[in-house]
Amino acid sequence: LYLDETARFEGLKAGEFDLMRVSISCNWACQYYGKAFDSGEVKKQAFENHNPGDFQGYVFNLRDPKFKDIRVRQAIGLAFDFEWLNKQLFYGLYKRVQGYFPNSEFHAEGLPKPDELALLEPLRDKLRPEVFGPAVISPSTAPPGSLRENLRRARTLLAEAGWSYRDGALRNEKNEIFTIEFLNDQPSLIRVVTPLQTALLKLGIQMSFRTVDFPLSQQRMDNFDFEMTSVRLPGTTAPGGELLEFFGSKAAATHGSSNIWGIADPAVDALLQKVVGATTRPELRAAMRSLDRVLSHGHYSVPQYYGDAFLIGYRPAPFVLPP
C-alpha cells in the first residue's frame, strides 16, 4: 500500500511491483520518462479498449425554474470548450462524450434507423421534432469552429429564452440576474470547471463554486438541493432496470434517487420499459439507441469526456532462454 501516487510510481521504478494503471493524465504525460524508461527497464503503453465509455457530464437540476427552458441548457452547453481543456489540461488523452452511452453499440448516430423509428413513431406527439432528425453531436471549438462563435449562438438562444445582458449581467424580464451555484465535493475539480465559469461570464452568467465535504454533498444531492453539479455513470454492456433509477419519472420525485436531473418525461418512461422488456440483443440495441436519442435532444447535461484506453506503466518480464 502506498500513501500517494508519487510513492506508488517510485515503487514501480524501484521494482517493488510490476504493473500499475494510471488514471491522472498529468502524471502520464509528465512523469513517465527518464533513465528507467530509456533503458527499457520500465515501459509505458496505452492499451486501447472498446469497452462502453462512462458518461460524465455537468448536469442541471431541472426542478430549478431557470433550467426549464431547453434553450438555456443548450446555451450553457455551448460555453463548454472541451478541445481547449483536452489540449491544455489533459494532454490530448480524452475523447468527447457523445450522448449518454458513448463508445458503445447503444450510442445513437445519424438519422434514426427503421428499428428505432418503430419505437419512436408511436411517441411522436410526445417528442420534439428534432428527435427524428440527426443525432445530437456535442458542440466543438475545433477549426473552423471556435468558442467565440459558440458563445454568439448561445447569446441568441438566451435572448430567445427571455434573458438579455443589461447593467453588467444577464437578466430576465423581472431583472433577476442569472446565477449558477456549482456544487462540488472535490476541490481538484475547480480547475476543470473554471474555464466554463469564465466563458459563462462572457454571456453575463455568474457561476460560483460551493465546495463541501462528502457527507454534506450527499445530503444535498439526496434532497436535490443543488443547481448544477458533475456526475459520472459507468458504461455497461448489459443495461437494464437500473436505468429506471437514473431517468424514470418515479425516481425524479423520490428523494435519494439517482435521477438527480429530475427528468420526468413520458416518452423516456415508455422507452425505458422497452429497454427493460427487451428479450433479444437487437431489441435492446434499438431501445437503447432510441433512449439515447431522446435524452440527448433534451439537453439535460453538458457532456464532458472519457478515456478509451488503459494507461499502463509496467516492468517487462525478463526474456529467459528455454532449457
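A brief look at the structure comes next. Since we're looking at a predicted model, the values are computed, not measured.

## What to know about empty space enclosed by the protein
Right, so step 1: Counted by the stated rule, this structure contains 1 cavity of 30 Å³ or more.
Right, so step 2: Roughly 40 Å³ of internal volume is contained in the largest cavity.
Right, so step 3: Taken together, Glu5, Thr6, Phe9, Met20, Val22, Asn27, Gln31 and Tyr32 make up the full set of residues lining the largest cavity.
Right, so step 4: Those elements that provide at least two residues to the lining of the largest cavity are helix H1 (5–13) and strand S1 (19–22).

## Things to note about helix H9 (residues 214–222)
Each α-helix winds once per 3.6 residues, and so residues spaced three or four apart point in a common direction.
Right, so step 1: Ser217, Arg220 and Met221 are the residues of H9 that are buried. End-on view of H9: buried residues confined to an arc of 100°, all on one side of the axis.
Right, so step 2: Tucked into the core, H9 has its buried residues touching strand S7 (179–184), strand S8 (206–211) and strand S9 (228–233).
Right, so step 3: Where H9 begins, one side-chain oxygen reaches toward the backbone nitrogen of leucine 216, 3.2 Å away; that side chain belongs to aspartate 213.
Right, so step 4: Phenylalanine 224 occupies a position one or two residues after H9 and carries a positive phi of about 55°.

## Some words on helix H12 (residues 266–277)
Right, so step 1: For H12, which comprises 12 residues, the first-to-last C-alpha distance of 17 Å matches the rise-based estimate of 16 Å (1.5 Å per residue) to within 8%.
Right, so step 2: Looking at the buried side of H12, the elements it contacts are helix H6 (114–120), helix H10 (242–247) and helix H13 (281–297).
Right, so step 3: Its side-chain oxygen at 2.8 Å from the backbone nitrogen of alanine 267, aspartate 265 defines the N-terminal cap of H12.

Conventions and cut-offs
- Residues numbered from 1 in each chain as written.
- Predicted model: local features only at pLDDT ≥ 70, side-chain atom pairs only at ≥ 80, totals over all residues.
- Heavy atoms only, no water.
- 1 Å grid on protein atoms, 1.4 Å probe; cavity = no way out; pocket = protein on both sides within 12 Å on 5 of 7 lines; lining within 4 Å.
- Points joined across faces, edges and corners; volume = space filled by probe spheres on them.
- Helix = DSSP H or I, 4+ residues; strand = E, 2+ residues; numbered from the N terminus.
- Buried < 20%, exposed > 50% of the residue type's maximum accessible area, 1.4 Å probe, protein only.
- Arc of directions from axis to C-beta.
- Contact = heavy atoms within 4.5 Å.
- Polar contact = N/O pair within 3.5 Å; in protein donor to acceptor, adjacent residues only side chain to side chain.
- Expected span 1.5 Å × (residues − 1).

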